Each structure stands twice: as C-alpha cells, then as structure tokens.
Amino acid sequence: MNALERRTSRFSLLLHPGVVGVMLLTLAACHASSYEDEAVRVDDLLFGPLPSQSALEQLGGEGFRTVLTVQPASELDWDEKKVVEDLGMRFIAVPMPKPIRSISEAQLDRFDEAMETAPRPMLLHCSSGNRVAGLYAVWLAERKGVPPEEAVRRGEAVGMTKIGPLVRKRLGVPAAEK
C-alpha cells in the first residue's frame with residue numbers, strides 16, 4: 001500500500017457511518033451537559049453564567065420554572081425574556097449594570113421578593129455568575145441572618161469573584177488573604 005492509499009484508507013475510516021455517529025453522539029452529550037457543568041447547584045437554585053438559548057431549552061425541559069438575571073437587557077443581543085417566557089418559565093430581571101459600584105436597596109428588595117415567591121427550581125445568572133453571586137451573599141447576610149463571613153463564603157462558592165471586595169466591605173468582612 002502506497003502513501004496515498006494509506007491516507008485515503010484512514011480518511012474513509014473517519015467517514016464510516018458508525019464512526020461519524022459515535023462522534024456526533026459524543027459532541028451532543030458534551031453540549032447537552034455543558035451549561036450545568038459551568039453552573040453551581042444549591043438545593044433548587046442553579047447559579048451560573050449567561051445561558052445560551054439551547055441551554056434555556058434544556059433547563060426548561062428539566063423542569064426549571066424561573067430564570068432570574070441581573071444582566072441589563074442592553075448586555076444581550078437577543079431577547080432573553082421572550083425566550084424564557086416562550087418556554088413556559090417565569091423571567092425576573094434585577095438589573096445590575098457593569099461596572100458594579102454598589103448593590104442598591106431596590107436591587108436587594110427585588111431579589112428578596114424573587115427568592116421568597118418565585119417558583120423553583122430557579123436559574124440565577126449574569127454574564128459570568130459574579131454579580132448574581134455577590135447579590136446572593138448580601139441577601140443571605142442582610143435578609144436571612146446568615147453570619148457575614150458565612151454569607152461571603154457561600155457567595156464565593158456559587159461564583160462571586162470580582163464583586164467580592166464590594167460585598168466584603170458592605171458586610172464588614174475583612175479582605176481575603178492572598
């Protein structure tokens with residue numbers, strides 16, 4: 001067998017229907033689980049970055065009933081509210097524009113109302129998960145009575161990063177050691 005025949009033989013193996021099918025199933029499985037792999041579940045809450053429209057479809061199919069975002073609509077190039085509502089889920093917006101300089105009482109009140117009344121399971125997100133996790137930490141400390149250090153720890157566990165110093169300052173928790 002010459003070099004051309006060997007290359008042709010390898011290429012035809014890649015195009016074999018069985019091989020193509022396995023490759024497609026592998027890609028589909030990776031894609032289907034990718035959003036929840038990026039997100040953090042706490043009981044009936046799922047914290048994460050901005051989901052794709054297909055991830056929202058998947059979550060709706062899994063029984064999620066509410067999507068709460070802290071991203072202003074101006075950060076998106078598609079209508080998340082329409083997609084969520086078309087999938088039969090409730091959409092709640094608590095806009096926290098970038099760069100975040102503070103968490104307002106109005107934002108905290110809206111988040112508190114959602115956490116107390118929205119049907120679950122619920123997805124909570126922003127572009128990266130950072131802002132919504134920070135709001136969650138403040139809510140835990142100021143509305144649920146969780147000790148501030150524990151609230152910060154829980155916020156970090158669900159995605160709080162860059163907003164951490166702002167949350168720590170508000171809650172009177174010393175800066176994290178490096």
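The coordinates are above.
Residues numbered from 1 in each chain as written. Predicted model: local features only at pLDDT ≥ 70, side-chain atom pairs only at ≥ 80, totals over all residues. Heavy atoms only, no water.

1. Observations regarding the pairing of strand β4 (residues 90–93)
When strand β3 (residues 66–69) meets β4, the two strands line up parallel, connected through four bridges. Bridging across to β4, Val 67 finds its partner in Phe 91. For the segment spanning β3, helix α4 (residues 80–86) and β4, crossover handedness is right-handed. (Pairing = 2+ DSSP bridges. Helix = DSSP H or I, 4+ residues; strand = E, 2+ residues; numbered from the N terminus. Right-handed = clockwise from strand over helix to strand, strands pointing away.)

2. As for the sheet that holds β4
Backbone hydrogen bonds are what pair the strands of a sheet, in a parallel or an antiparallel way. Ordered in space as β1-β2-β5-β3-β4, the five strands form an open sheet in which the pairing is mixed. Of all the strands in the sheet, just β1 (40–42) and β4 have a single pairing partner and so form its edges. Recorded for the sheet is a direction-independent mean angle of 20° between the axes of neighbouring strands. (Axes fitted to C-alpha atoms, helices over the stretch in contact; angles between N-to-C directions.)

3. Observations concerning the pairing of β3
Neither face of β3 is exposed, since Thr 66 and Leu 68 on one face and Val 67 and Thr 69 on the opposite face are all buried. Of the strand pairs in this sheet, β3 and strand β5 (residues 122–125) are connected by four bridges, and their pairing is parallel. Along β5, the bridge assignment pairs Leu 68 with Leu 124. (Buried < 20%, exposed > 50% of the residue type's maximum accessible area, 1.4 Å probe, protein only.)

4. What to know about the pattern of salt bridges
Scanning the model with the defined rule gives 14 salt bridges in all. A salt bridge links Asp 44 to Arg 120; its shortest N-O distance comes to 3.0 Å. Here Asp 44, found in the loop between β1 and β2 (45–48), pairs with Arg 120, found in the loop between α5 (105–117) and β5; they are 76 residues apart in sequence, far enough to count as distant. Residue class for Arg 120 comes out partly exposed when judged on its relative accessible area of 26%. Salt-bridge contacts for Asp 112 lead to Arg 143; the nearest nitrogen and oxygen are separated by 3.6 Å. With a gap of 31 residues between them, Asp 112 in helix α5 and Arg 143 in helix α6 (residues 130–143) connect regions that are remote in the sequence. Judged by its relative accessible area of 30%, Arg 143 falls in the partly exposed class. Among the ionic contacts, a cluster of salt bridges with common partners joins Glu 105, Asp 109, Asp 112, Glu 142, Arg 143 and Arg 170. (Salt bridge = Lys/Arg side-chain N within 4 Å of Asp/Glu carboxyl O.)

5. Here's the deal with the packing of α5 against α6
Interhelical geometry of α5 versus α6 gives an angle of 80° and a closest axis separation of 10 Å. Regarding the angle of α5 to α6, the classification is roughly perpendicular. Listed contacts from α6 to Glu 105, Gln 107, Leu 108, Asp 109, Phe 111, Asp 112, Met 115 and Glu 116 of α5 are Val 132, Leu 135, Tyr 136, Val 138, Trp 139, Glu 142 and Arg 143. Across the contact of α5 with α6, the residue classes tally to eight nonpolar, one polar and six charged. (Parallel < 35°, antiparallel > 145°, perpendicular 65-115°, else oblique. Contact = heavy atoms within 4.5 Å. Nonpolar A, V, L, I, M, F, W, Y, C, P; charged D, E, K, R; others polar.)

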